[in-house]
Amino acid sequence: MSLLKAPINTPVWIDITRCKACDICVSACPAGVLSMRQEPSSTLGAIIDIIALDSCIGCGECELHCPDFAIHVADKKSDAISFAKLTPESKQRAEAIRDNNYRLPTNYEK
Ligand code: SF4
Ligand code: SF4
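Notes on the structure in this doc start here. Keep in mind it's a predicted model, so treat the numbers as computed, not measured.

## A word on empty space enclosed by the protein
Then comes step 1: Going through the model one piece at a time under the given rule, you end up with two cavities of 30 Å³ or more.
Then comes step 2: Volume-wise, the largest cavity comes out at about 100 Å³.
Then comes step 3: For the largest cavity, the lining is made up of 16 residues, of which Cys19, Cys22, Cys25, Ile48 and Cys66 are closest to its centre.
Then comes step 4: Class assignment for the residues of the lining of the largest cavity results in twelve nonpolar, no polar and four charged.
Then comes step 5: Its volume calculated, the second largest cavity comes out at about 90 Å³.
Then comes step 6: Forming the boundary of the second largest cavity are 13 residues, of which Cys29, Val33, Cys56, Cys59 and Cys62 lie nearest the centre.
Then comes step 7: Class assignment for the residues of the lining of the second largest cavity results in ten nonpolar, two polar and one charged.

Conventions we followed
- Residues numbered from 1 in each chain as written.
- Chains lettered and ligands numbered in written order.
- Predicted model: local features only at pLDDT ≥ 70, side-chain atom pairs only at ≥ 80, totals over all residues.
- Heavy atoms only, no water.
- 1 Å grid on protein atoms, 1.4 Å probe; cavity = no way out; pocket = protein on both sides within 12 Å on 5 of 7 lines; lining within 4 Å.
- Points joined across faces, edges and corners; volume = space filled by probe spheres on them.
- Nonpolar A, V, L, I, M, F, W, Y, C, P; charged D, E, K, R; others polar.

Laid out in structure tokens, this is it:
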């Protein structure tokens, strides 16, 4: 288990050294906060990225499903974070990412 310290005022954060690019957290995120991005140095050629930090609803699904303890979500009580509400725009972005092999489409504008 990572002992990564929680950054201040951040709803979700990643220990990139643990990510093996399995796409699971992206698949689980209902708000389109996460996306894979190209990373030539990664074994699978991709790595996790946070693309819409302000849309995180704090559901914890990413942390719950990551098999490598690479992603962490702030504690609603102790970290005093105000999470977003799930909006139609967030849901739409999540769907677009899932439909594009877990990557934000390059021409995505919403
Ligand atoms: S679930 Fe974990 S290991 Fe898989 S892509 Fe997400 S952060 Fe990386
Ligand atoms: S806590 Fe929920 S909304 Fe936030 S990044 Fe993880 S899965 Fe997405």
